There are 8 protein chains.
Amino acid sequence: MNQEHLRNLLQQVAAGQLEVEAALVELKGLPFEDLGYAKVDHHRSLRTGFPETVFCENKTTEQIVGIVQAMRGKSPVILATRASPDIYQAIGEIAPEAVYHDQARIVQLGQPADSDKCLAQCLVITGGTSDIPVAEEAAVTVAAAGCPVQRLYDVGVAGLHRLLDHREALQEAAVLVVVAGMEGALASVVGGLVDKPVIAVPTSVGYGASFGGLSALLTMLNSCATGVAVVNIDNGFGAGCFAALLCQNWRQPRP
Amino acid sequence: MNQEHLRNLLQQVAAGQLEVEAALVELKGLPFEDLGYAKVDHHRSLRTGFPETVFCENKTTEQIVGIVQAMRGKSPVILATRASPDIYQAIGEIAPEAVYHDQARIVQLGQPADSDKCLAQCLVITGGTSDIPVAEEAAVTVAAAGCPVQRLYDVGVAGLHRLLDHREALQEAAVLVVVAGMEGALASVVGGLVDKPVIAVPTSVGYGASFGGLSALLTMLNSCATGVAVVNIDNGFGAGCFAALLCQNWRQPRP
Amino acid sequence: MNQEHLRNLLQQVAAGQLEVEAALVELKGLPFEDLGYAKVDHHRSLRTGFPETVFCENKTTEQIVGIVQAMRGKSPVILATRASPDIYQAIGEIAPEAVYHDQARIVQLGQPADSDKCLAQCLVITGGTSDIPVAEEAAVTVAAAGCPVQRLYDVGVAGLHRLLDHREALQEAAVLVVVAGMEGALASVVGGLVDKPVIAVPTSVGYGASFGGLSALLTMLNSCATGVAVVNIDNGFGAGCFAALLCQNWRQPRP
Amino acid sequence: MNQEHLRNLLQQVAAGQLEVEAALVELKGLPFEDLGYAKVDHHRSLRTGFPETVFCENKTTEQIVGIVQAMRGKSPVILATRASPDIYQAIGEIAPEAVYHDQARIVQLGQPADSDKCLAQCLVITGGTSDIPVAEEAAVTVAAAGCPVQRLYDVGVAGLHRLLDHREALQEAAVLVVVAGMEGALASVVGGLVDKPVIAVPTSVGYGASFGGLSALLTMLNSCATGVAVVNIDNGFGAGCFAALLCQNWRQPRP
Amino acid sequence: MNQEHLRNLLQQVAAGQLEVEAALVELKGLPFEDLGYAKVDHHRSLRTGFPETVFCENKTTEQIVGIVQAMRGKSPVILATRASPDIYQAIGEIAPEAVYHDQARIVQLGQPADSDKCLAQCLVITGGTSDIPVAEEAAVTVAAAGCPVQRLYDVGVAGLHRLLDHREALQEAAVLVVVAGMEGALASVVGGLVDKPVIAVPTSVGYGASFGGLSALLTMLNSCATGVAVVNIDNGFGAGCFAALLCQNWRQPRP
Amino acid sequence: MNQEHLRNLLQQVAAGQLEVEAALVELKGLPFEDLGYAKVDHHRSLRTGFPETVFCENKTTEQIVGIVQAMRGKSPVILATRASPDIYQAIGEIAPEAVYHDQARIVQLGQPADSDKCLAQCLVITGGTSDIPVAEEAAVTVAAAGCPVQRLYDVGVAGLHRLLDHREALQEAAVLVVVAGMEGALASVVGGLVDKPVIAVPTSVGYGASFGGLSALLTMLNSCATGVAVVNIDNGFGAGCFAALLCQNWRQPRP
Amino acid sequence: MNQEHLRNLLQQVAAGQLEVEAALVELKGLPFEDLGYAKVDHHRSLRTGFPETVFCENKTTEQIVGIVQAMRGKSPVILATRASPDIYQAIGEIAPEAVYHDQARIVQLGQPADSDKCLAQCLVITGGTSDIPVAEEAAVTVAAAGCPVQRLYDVGVAGLHRLLDHREALQEAAVLVVVAGMEGALASVVGGLVDKPVIAVPTSVGYGASFGGLSALLTMLNSCATGVAVVNIDNGFGAGCFAALLCQNWRQPRP
Amino acid sequence: MNQEHLRNLLQQVAAGQLEVEAALVELKGLPFEDLGYAKVDHHRSLRTGFPETVFCENKTTEQIVGIVQAMRGKSPVILATRASPDIYQAIGEIAPEAVYHDQARIVQLGQPADSDKCLAQCLVITGGTSDIPVAEEAAVTVAAAGCPVQRLYDVGVAGLHRLLDHREALQEAAVLVVVAGMEGALASVVGGLVDKPVIAVPTSVGYGASFGGLSALLTMLNSCATGVAVVNIDNGFGAGCFAALLCQNWRQPRP
C-alpha cells in the first residue's frame, strides 16, 4: 500500500474512474481471510514468494485443518510445522497430496514454482546427532522455498577434524545454517572459517547447565566471529526462512 | 468496617441499645465463612459487585465443590476458573445451572444482575490463535461482571494490516485487554494506537527463549506506550477483573 | 486517521474540492515534527489530552532542549522526566516558566487546562520513605494531567496499623497507585482493602535478594488480590499516566 | 566428642583403665550405621531429641524401607517425608504401627516421649487452600517432635480481615510458621503483627511469574518485618524442625 | 489492640466511663508519629522490647536525622543501620551520646535496659575475613538488644580444623548466626554440628558465579542440615533481630 | 588453505619445484602477525574484503595502538570500535588520517576501495533517540565496508504512524538493521512490513525490567515475523558486518 | 596430524615414495566413519586410550545401535551412557557381550586392556543416597578406563562425622570425584581435607531453590578450597573421564 | 590428624611418655594462627607444598599486611592475589623482597624451593587480548608453585588457524588452562585437540548477553569435549592451583 499506489488510487477517484465507496473497499480490502480464531494472510505469500505456514503447537487439530483449508489453492506451497503424525493424518484427509517430513515434523503441500527456484546453496550443519530434528526443520523449509540445500551433520567442535574435512562444502555454500545445542560453539568456529552469512540456531539439546538451550543461545549471541546472527532456540523454521530469503536474493544467477 | 460504622456502633453501645457482647460479635463477625481448608469471603462480592470466584488449580475436587456450595445463593454469579471438564461435571451435580466455557476453562453459575450491567465496552485482542484460551478467560470474566465484550483474535504485529484494519473496533472500546505470547509486542502497538487503558496479558505460548512467558512479560512491562499496565502470565481472569472494574466505573451512563 | 476521515478526504477529492497532491500531503502529513534524532509527536497530546513528555535518561542535554523547544507552544503542559538539576537549568534558559519538582526529578512547563481537570481522586501510597522519589514521579504526573492527587507515604505492611488507620483515604480515592520496593507486599494488601483499581509500581529500593526490584515486581505480578495491575520497576511516570487516564474517564462528573 | 570427653578418655588411657585399641575404637566409633547406600545417623536423634527422618524423594522404595528398618527401635519417633501411598504400604509391611498423614505425605512411626513434650505452641498459617499440603508437612513434623500445634488456613493478605479476626491465635503462639505461595506477602504481614519468631515457607503454588516459588521466596527474603527467617520452597519439614527446636527451648515451663 | 483490650474499651463506653469521641480517639490513636515522609512506629519498640531502628540506605540525611529525633527519648536504644560516617556526624550533632560501630556501619544511641538483658548467648561466625562487616552488623544488633554475643571469624569450610577447634564455643551458644559469602557452605556444616537454631546470612562477598550473593543464598536455602533458616543477602541486622528474639525467649533464666 | 591449494603444493613438491622446508613454511605460514598479546589476522580482511577491526573495550591504549600499527598499510580500511576520545587521540598520533565518529565511538582509517562498493542499500532504524549510538556503530560499519546506508531514527512502535510514514524507505532497502531497547518490539513490526532480511539489535537502553537489554533481546528472539535474526545486545558493529555481507552479495549489480 | 608427521609425508612425496593422490587421501583421510546422522570418531579412542562412548539421550534406538555397531571391534571398550533398559536390550541383540550397569544407566561392551590399567586410585563420594546414580556413572566410567575406584556414599556435610570417619580413604585416593545435590557443600569440605585434585559434580537432586542443580553448581564454582574444578550438572560421565585422565597420568608406577 | 598419628599419640600417653595435658595441647594445637579477623593456616602450605595465599578483594590493607606478616617466614612463597598497586606498596614496606606482577595483579614473596619444582609443563591459552589479566593470574600462580608455564594468547575460535598453527605447543603440555570470555568456545575446541586435562576459566570479558561471564561459564560447563573441567568466572588463581597440583603429580620424572 505504498505512496505510488495511493497516488494512482486518488487520481482514479479524481478522474471519476473510481467510485468513493469502491476506493474505500480497496483501501480497506487487505488480503487476509478471517476465520475468527485466525486471520490467514494470503498477502504474505504473494509479497515474499514464500510458502504459507501454520505453526501447529498450541493449536487444536480443527484449527490447523481449517487454516490449511483456507490457504490451499492460494499458495503453491503450504507448510505445517511442529506437526505430529496425528495432525499429518488429519490434514491428509482434506489434502491427499500432503507429504510428511517426520524428522522435521513438517507437513508439506505442493512444490515451489520454478520461478521461485534459485541456485545459491544453503548448507545446514549440526553439532551432534540429536540436533538433527531442528536442522531438518530448517532444511525442509529452505527446500520448500525453492533453494538447494546440503546437509553436514554431527561435526561438533570436540572433534574438529570432522568439520575441517568438509571445508570444501563450507566454501561452496552461499548461506550456512549452524544448528547446535550443549555449548553451541560450532557457530563461532564455522563463522571464522567462511566469509558467508551464518545463521545460528541454538537447540534445547543438552542437560544440566544447558538450561533448555540458554547456554547455546548465549554462546551464539556472544560469538566473536563476524557474520553470525541468531534465531530463537529450536527455531529451525525461522532459520530456514531467513536462509531462503538470502539465497533467493544472492548475486548468483537464477536458473 | 469504616470509621462511621464504628462511631455508630459505639454510640449504640453508649446508648445501651447494643450489648457489649453483641457489639463484640459484630466487630468480630466479619462476613466470611470458615470451611477449615478455606475461608469463603462473601464480603468481597457485596463490596465490589463482582462475581465470587474459586481458582481451581491445586485444589481437590472436593474442596472446589465445597467452596462453590458455600458461595451458592449468596452471590448472583459464581465463577470457577482453571476448571477441567471433570470439575465442571462435579459442580454440575450440586448445581445443575452451571455452564462450562470450555475454551476459557471456566464454570459459571448465574448471570449478572441488571443493576451490575454497564455500557462501556471491553475489547479483548490476541496476537495469535494459541492465545485464545487466555483471552477467553478474560472475556468470560468481563461478561460475567455484566460488561459488554468484543473479541479481535490473531492480529499479531507480524501482519500489522490485520490490526490496522480494525481501528474502528479499537476506537470504540473503553478498555482493551491485549493477550499475547512469544514477543508480546502487540500491547505496545495497541497502546500507541488508542487513548484508552490497555491491560496487557503475557501468555506462556511460545518456546525456546520465550521462557514460559517471561519474554512477553518483560516486553509488556517495558512498553514505551503510555496507558499500558500488566498482569501475571496467563492471568486472563485478573485482566478480566481489572477491565470490568474500569468498565463499571467508566464515565458513560449505565443502561 | 480513521475510516470516517478517509471517506471525507476521498469525497473531497472526488468532488474536486481537493487536489490530488494536496490530499497526498494530508495523508502523508502526520502530525509529528522530525528533528532527525527525534520525531516529536504533537498528535499524541491532541489525541489524549495528556502532557507531552520527554524521557531524559540516555539523551544528551542538547537533544532534550531541542525536543522541549519543538514541543513548546504546541501543548499546554510539557514534562521532562528523569531530569537532573543540570537539565532543569538548561531547559530554564529557553523556557523561564519551567518548574523543577526535585524529589520527582521532573521539569514541568505550563499547567493543565481547566477543561482537562477532573474530580476523581488519585491516592499515591508508598511502603517506605525510600520509595518517595518514584511516588512523586507518579504524583506530579497525575497532577500535571489535571487530576487531584493525595499522598500517603511510609505505610508498609510490616506495621499494618499505619495503613489501616487511613482506611478513609483509601475509600475516597477513585484510583490508587501503590509504590513499594523490597518485598512489595503492599499492593496486595491495598488491593484487598479497596474495590478500586490499584496500579502497582515496584521500586528498585532494597538490597541483596531484591535484585534491583525483581522481588517487588514478581510479588506484585503474583498478587492474589483482584484489581491490581503492574508497571515497570521505578516507572512512576507510567503509573501516573495510567492513573490519570482512569481518573479522567471516571464516572464522577467533571467540574 | 567435646574436649571434656577427650580429656576423660585420655586420662583413662593414662591410668591404664582403657586399652589403646579400645580407645581407638571409641574415638572412631561414631554412632552411625553404614548401609552402603546410606549412613544412618542415630546420633542426631540422641543429640537433638528430634525424630529420625528419611526424605523419600529420589530414593528407591527398597532404600527407604532399608533405612526405616535400620532406624526402627533406636528412636522413639521416625518420619518418612515426601512419601507416596505406595511407600506407606511398603513401610507398613515391616512396621505395622506406621501411620500415614496423607495431606502432609508423611509416614510416622511411634509417638514423642513425654519427656520431649513442651508447652510452647506453634501456629501454622497458610495464605491459601493450595498451600495446605506444605503446611501439614510442617504441622505433622512439629507434633511429632512433641510440640502443640494450631492451624489457621486460607487467610491470605487479599482478604486481610480473615487474618485480623484471628489476632488472638497469633498472640498465643510462641512460634509461627507462615506458608504461602504466589506473592508470599503473608509472612511480612504476620511478622508485623506479632513479636514472636516467624518462619516463612514459600510454596511453589502459583503460575506464570511465580516461577515455581521464586516469587514467594524473594518476597519473604525481602520482608521488611523483623523476626522473619526463611526456609527453602515447599520445605514444610525444615520449617517444622526449626519451629520445634524453638518451642522445645522456649522460656515457658515444660509439663 | 487485642480482643481483651477491645472488650474493656467497650465496657467503659457502656458504663459511661468513656465518651464515644474519646473511645474513637483511642481506637484511632495508634502509637506512631507521622513525619509525612515517615511514620515512626513507637509501638513496635514497646511491643517487642527491641531497639527502634532506622535503615539509612536510600534516605536523605535530613530524613534520617528527623526520624532519629522523633524516636529519641521514646526508646532506650536507637540504631541507625547502613550509616556512613557522614550520617554518624549529622546524628551526633543532635544526639551527642551517639556511638559509631564502624565495621558494622551502625550508629547507636543508648544502652539496653537491665530488664531487657538475657543470659542466653549468641555466637556470630564468619566464613572469611571479608564477611566481618555483615557479621558485625548482626553482633552489634544482638548486643543492643541486651543479649551476650561471641564472635568466631574466618573459619570457613576449606580449612575445617579452624572450625572444629572451636566446638566448645559452638556448644555453648543458644543461638548461632552464620555469615558467609562465596559458596556459603558454612551454615550447613555448623547446622550439622549443633542442636541449636542456626540463622544463616549469605553475603555478597565473592565474584563471578557468586552473582552478588545468590550462590551463598541458594546454598543456605538448600541446606541439608535441619535447624537452619535464612535471611536476605547481607542482612546482618535482620539476623541479629531474629537471634535476639530467640535469646530473649530462651529457656535459661534471665539475670 | 583448501584442497585445491593443497594439491598444487604437493604437486610442486613432487615436481621438485618446491623444497620440503619451503613447503613446510608455507603450510605453517598462516597470514597473521603475532604481537604476543594479540595475533593480528591480515587474512580475514583479504578473505572477506571487510575492514580490519580492533575492539577497544578491555584493552590498554598501548595494545590498541600496537594492533592498529600492525594492521596499517595492510588493509584499505581499519576500524577501532568502542573507542573513547582518548583512544582516538592516541591513534591519531601514529595515524594522522584517522577520523572519529563520536556518536558511533569508532575511529576509522582509510576509505573502502571502489571495488568493494555495492549498490544494495542498508536502512538503519531506531526505536528511540537513546538507541542512536548503537545504530551509528552499525551505520558507520556498513559505510566503511562500501555499502550505501540510510538512517531512520526514533520511530518506535508506540507512535506507529512515524514508522508507517516512511514505508517507501522501508521498501527501498535491501537489508534493514533495527536497533531498539526497552521492549524491542520494533523488529517484529518492521519484519512484518518488508520482505527483506531484518537484523535486530537489542540495546541496553531502558531501566527496571529491561534488565540491561535482556527484555529487548528476548522480544527479538521471539519475533513472530519471519526474516528476523538477532545479534548481541548493543552489538551495532556485528549487525553492521552482517548487513554489509548481505549488501555486498545482493543480486543487484555493483557499480 | 602434527608437524613431524607432515614433514615425513612431504619427504615421502618429495622422494617419490608416495603419490600425490595417495598423500592427498592420507591428508584427507581422517579416522572417522560417516554414518550420515553421526560421524564416529575412532581416532579419539586411539589417541586417548579411552573407551568409545555414545551418549544415548535424544538419540533414537536405531541411531544408538548403528553407532555401537560402527564402534564395535575398533575399540576394546565401548560405553553407552544414559541408556534405558530398552536400549540395553536393543544393543544386546547385536552385541551379546553387553553388560548393563543399571544404577549408572550405562551399557558396557568389553574390558579395558591391561596396558591401559593404572594404580592411582579414584574415590567417588556422594552427599546423599539420591546422588548415587550420578556417582555410579562416574565410577563405572573410571573403571572402564582401567583405573581402580572406591566408593564412599551418603557422607553429606550435615553429619560431618560420617565423612571425617573415612579420612584414611580420602588420603589414599589420587583423585576424588565429589557428587552432591542440594547445597553441594561437600566439594569444598573435601577440598579442604585433601591435597589432591577434587572433581565436583553438582546433581539435580533437590527441590525448590535447588533450581534443577543450579544451587549445587554455584556452590561448587564458588568453592573457597583450592584444587576443586567442576563439571556440568549430573555429568558423572564427564567427571569420570577427567578423573581417569588424571589417574592414568599420575606419578605412581603402572603395574 | 590421621589414625596412625592418633594411635602413636595414645601409645605415648599409655606409656607415660606424654602427659595428658600435653597430649591435649597437641590434639588441640592445630597449626593455624589466630589474628582475630583471620585464622592463618600454615598447615595448608606444609600439607600441599603450595604457596600461602591471601585474596585481597574485600579486605582492608591493614588486614592484608597483617596476614602477610603472619605468613612470612613460614612458607617459601607467599602470594597476594587481586592486589592493587597500593597494596603492593603497603606489603613492600614490611617485605622489601615483594615483587608485583601487574597484569596478574599478584604480589609475590619468595621463590619455590627446588624440591617443589617439576618438569610437567602447563600451557595457558586465551581467546583474546582482553583475557590476558586472568590468564596471567593463572600463569604466575603455576610458576610460583614451581611448574614450568608457557603462554599462547589471542587464539580464539573465530580465527581457528591461529590456534591450529600452535598444535605442537598444545601437544607438549601436560596440563592446559584455557581462559576465554564472550562465547567461551575455545575450551571445547582445545579439549577436542588434546588428550590432556583442560582447565577452563570463563572470564567476565564481554558485554550484553555475556552477562558478566555467565555465557562463557555455561559454554564451558556444557562442553562436549571430554577432559574439560571448569572453575569460577575470572578465577585464574584457582585454575593455576589446580593446574599446578596436576603438574606436580604428573608421571614425568622430577629434575
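What you see is a predicted model, and the numbers here were worked out from it, not measured in a lab.

Calculation rules
Residues numbered from 1 in each chain as written. Chains lettered and ligands numbered in written order. Predicted model: local features only at pLDDT ≥ 70, side-chain atom pairs only at ≥ 80, totals over all residues. Heavy atoms only, no water. Helix = DSSP H or I, 4+ residues; strand = E, 2+ residues; numbered from the N terminus. Buried < 20%, exposed > 50% of the residue type's maximum accessible area, 1.4 Å probe, protein only. Contact = heavy atoms within 4.5 Å. Areas by Shrake-Rupley, 256 points an atom, 1.4 Å probe, with all protein chains shown as cover. Pairing = 2+ DSSP bridges. Right-handed = clockwise from strand over helix to strand, strands pointing away. pLDDT = per-residue confidence, 0-100. Phe/Tyr/Trp six-rings, centres within 6.5 Å; stacked < 30°, edge-to-face > 60°. Polar contact = N/O pair within 3.5 Å; in protein donor to acceptor, adjacent residues only side chain to side chain. Salt bridge = Lys/Arg side-chain N within 4 Å of Asp/Glu carboxyl O. Axes fitted to C-alpha atoms, helices over the stretch in contact; angles between N-to-C directions. Domains from an automatic or database assignment. Buried area = accessible area lost by both parts, 1.4 Å probe. Least-squares fit on C-alpha atoms with pLDDT ≥ 70 in both. Nonpolar A, V, L, I, M, F, W, Y, C, P; charged D, E, K, R; others polar. Left-handed = near helix turned anticlockwise from the far one by under 90°. Disulfide = S-S within 2.5 Å. Expected span 1.5 Å × (residues − 1).

**Structural notes on the overall build of chain A**
In step 1: From N to C terminus, chain A includes eleven helices and eleven strands.
In step 2: Counting all 255 residues of chain A, 63% fall into the buried class.
In step 3: Within chain A, residue pairs in contact and separated by at least 24 positions form 68% of the contacts whose partners lie at least 6 positions apart.
In step 4: Here chain A has roughly 8500 Å² of accessible surface; of this, 50% comes from carbon and sulfur atoms.

**A look at the pairing of strand S4 (residues 78-81) of chain B**
All names here are of chain B.
In step 1: Side chains of S4 alternate between two faces, with Ile78 and Ala80 and Leu79 and Thr81 buried alike.
In step 2: Bridge analysis of strand S3 (residues 52-55) against S4 gives four bridges, and the strand direction is parallel. From the neighbouring strand, valine 54 faces S4, where its bridge partner is alanine 80.
In step 3: Between S3 and its parallel partner S4, the chain crosses via helix H4 (residues 61-71), and the hand of that crossover is right-handed.
In step 4: Across three bridges, the pairing between S4 and strand S6 (residues 106-109) is antiparallel. Looking at the pairing, leucine 79 lines up with glutamine 108 of S6.

**Describing the confidence of the model for chain A**
In step 1: In this model, chain A carries a mean pLDDT of 86, and residues with pLDDT of at least 70 account for 85%.
In step 2: Overall fold confidence for the complex sits at a pTM of 0.87, while the interface term, ipTM, reaches 0.84.

**Regarding the packing of aromatic side chains**
In step 1: Counted by the stated rule, this structure contains 20 aromatic pairs over all chains.
In step 2: Residues tyrosine 207 of chain A and phenylalanine 55 of chain G carry aromatic rings whose centres are separated by 5.7 Å and whose planes lie at 25 degrees to one another, so their mutual orientation is stacked. Of the two residues, tyrosine 207 of chain A is situated in the loop between strand S10 (198-202) and helix H10 (214-221) and phenylalanine 55 of chain G in strand S3 (residues 52-55); the pairing between them involves two chains.
In step 3: Judged by its relative accessible area of 13%, tyrosine 207 of chain A is buried.

**What to know about the environment of asparagine 249 of chain D**
In step 1: With respect to the helices, strands and loops of the structure, asparagine 249 of chain D is situated in the segment after helix H11 (236-248).
In step 2: Judged by relative accessible area, asparagine 249 of chain D falls into the buried class, the value being 7%.
In step 3: For the pair formed by asparagine 249 of chain D and cysteine 118 of chain D, sequence separation is 131 residues and the distance between their alpha carbons is 8.5 Å.
In step 4: Of the polar contacts made by the side chain of asparagine 249 of chain D, one reaches the side chain of arginine 251 of chain E; its length is 2.3 Å.

**Quick word on the pattern of salt bridges**
In step 1: Counting across every chain of the model gives 48 salt bridges over all chains.
In step 2: Across the salt bridge formed by arginine 82 of chain B and glutamate 137 of chain B, the nearest N and O atoms sit 3.0 Å from each other. Here arginine 82 of chain B is found in the loop between S4 and helix H5 (85-94), whereas its partner glutamate 137 of chain B is found in helix H6 (residues 132-144), with 55 residues between them in sequence.
In step 3: With relative accessibility at 9%, the residue arginine 82 of chain B sits in the buried group.
In step 4: The exposure class of glutamate 137 of chain B is buried, given its relative accessible area of 3%.
In step 5: Members of the salt-bridge network, linked through shared partners, are Glu57, Arg82 and Glu137 of chain A.

**Structural notes on the sheet that holds S4 of chain B**
Strand pairing in a sheet relies on backbone hydrogen bonds, with the paired strands running either antiparallel or parallel.
All names here are of chain B.
In step 1: An order of S3-S4-S6-S5 is seen for the four strands of this open sheet, with the pairing classed as mixed. A strand with exactly one partner marks an edge of an open sheet, and here the two such strands are S3 and strand S5 (99-101). In this sheet, adjacent strand axes meet at a mean angle of 20 degrees when their direction is disregarded.

**Considerations on the domain arrangement of chain A**
All names here are of chain A.
In step 1: Along its sequence, chain A is organised into domain 1 (3-109) and domain 2 (122-248).
In step 2: In this assembly, 14 residues from domain 1 lie in contact with 14 residues from domain 2.
In step 3: For the pairing of domain 1 and domain 2, the buried interface totals around 1100 Å² over both sides, and the portion due to carbon and sulfur atoms is 65%.
In step 4: Of all residues in domain 1, Phe50, Arg82 and Gln103 give up the largest surface area on contact with domain 2, accounting jointly for 45% of the area buried on that side.
In step 5: Our count for the contact surface shared by domain 1 and domain 2 stands at one salt bridge.

**Observations concerning the relation of the copies chain A and chain F**
In step 1: In the superposition of chain A on chain F (RMSD 0.1 Å, axial shift 0.0 Å), the rotation amounts to 180 degrees. Here the copies are linked by what is in effect a two-fold axis. Proximity to the rotation axis, assessed at the C-alpha, singles out arginine 251 of chain A in chain A; its C-alpha lies 1.8 Å from the axis.
In step 2: Here 100% of the contact residues of chain A are again contact residues in chain F; the copies associate through an equivalent surface.

**Re the interface of chain A and chain F**
In step 1: With 31 residues of chain A at the interface, the matching set in chain F holds 31 residues.
In step 2: Carbon and sulfur atoms supply 60% of the area buried between chain A and chain F, which totals about 2900 Å² over both sides.
In step 3: Viewed at the interface, chain F and chain A are joined by five residue pairs in polar contact (both at pLDDT 80 or more).
In step 4: Mapped by element, the contributors of at least two residues to the side of chain A that touches chain F are helix H3 (42-48), helix H8 (167-172), H10, strand S11 (228-230) and helix H11 (236-248) of chain A.
In step 5: Sort the elements by how many residues they give to the side of chain A that touches chain F and H11 of chain A lands first, with six residues.
In step 6: Its residues assigned to classes, the side of chain A that touches chain F comprises 16 nonpolar, nine polar and six charged.

**Section: the packing of helix H6 (residues 132-144) of chain E against helix H11 (residues 236-248) of chain E**
Residues and elements named next belong to chain E.
In step 1: Between H6 and H11, the least distance of the axes is 7 Å, while the angle of their chain directions is 35 degrees. Relative to H11, H6 is oriented so that their crossing is right-handed. On H11, the residues touching Val134, Glu137, Ala138, Thr141 and Val142 of H6 are Gly236, Phe237, Gly240, Cys241 and Ala243.
In step 2: Partitioning the contact of H6 with H11 into residue classes produces six nonpolar, three polar and one charged.

**Some thoughts on the state of the cysteines**
In step 1: Considering all chains together, one arrives at zero disulfides over all chains under this definition.
In step 2: Of the cysteine sulfurs around cysteine 56 of chain F, a residue in no disulfide, the closest is that of cysteine 241 of chain F, at 14 Å.
In step 3: Its sulfur unpaired, cysteine 241 of chain H is 11 Å from the next cysteine sulfur, which belongs to cysteine 147 of chain H.
In step 4: Residue classification places cysteine 241 of chain H among the buried positions, given a relative accessible area of 4%.

**Things to note about the side chain of asparagine 232 of chain F**
In step 1: Structurally, the position occupied by asparagine 232 of chain F is in the loop between strand S11 (228-230) and helix H11 (236-248).
In step 2: A polar contact is formed between the side chain of asparagine 232 of chain F and the backbone oxygen of tyrosine 207 of chain H, at a distance of 3.2 Å.
In step 3: A polar contact is formed between the side chain of asparagine 232 of chain F and the backbone nitrogen of alanine 209 of chain H, at a distance of 2.7 Å.

**Quick notes on the sheet that holds strand S5 (residues 99-101) of chain A**
Residue and element names in this part refer to chain A.
In step 1: The strand order across the open sheet built from four strands is S3-S4-S6-S5, with neighbouring strands paired in mixed fashion. For this open sheet the edge positions go to strand S3 (52-55) and S5, each flanked by a neighbour on one side alone. Averaged over all pairs of adjacent strands, the angle between their axes in this sheet comes to 20 degrees, without regard to strand direction.

**Examining unusual backbone geometry**
In step 1: Of note in this structure, aspartate 154 of chain A is not a glycine but carries a positive phi near 65 degrees.
In step 2: Within the element layout of this structure, aspartate 154 of chain A appears in the loop between strand S8 (149-152) and helix H7 (160-164).
In step 3: Even without being a glycine, arginine 105 of chain D presents a positive backbone phi close to 55 degrees.
In step 4: Relative to the assigned elements, arginine 105 of chain D resides in the loop between strand S5 (99-101) and strand S6 (106-109).

**What about helix H6 (residues 132-144) of chain A?**
Owing to its 3.6 residues per turn, the α-helix brings residues three or four apart onto one side.
Residue and element names in this part refer to chain A.
In step 1: With 13 residues, H6 extends 18 Å between its outermost C-alpha atoms, agreeing within 8% with the 18 Å of an ideal straight helix rising 1.5 Å per residue.
In step 2: Among the 13 residues in H6, eleven count as buried, and that is most of the element.
In step 3: Taken from the residues just after H6, glycine 146 is the one with a positive phi, measuring 95 degrees.

**Structural notes on the environment of glutamine 63 of chain C**
In step 1: For glutamine 63 of chain C, the position within the fold is in helix H4 (residues 61-71).
In step 2: A relative accessible area of 9% places glutamine 63 of chain C in the buried class.
In step 3: Note: C-alpha distance between glutamine 63 of chain C and leucine 35 of chain C (28 residues apart in sequence) is 9.1 Å.
In step 4: Once you skip the residues sitting within four places of it in the chain, glutamine 63 of chain C turns out to touch Tyr37 of chain C together with Gln103, Thr129 and Ile132 of chain F.

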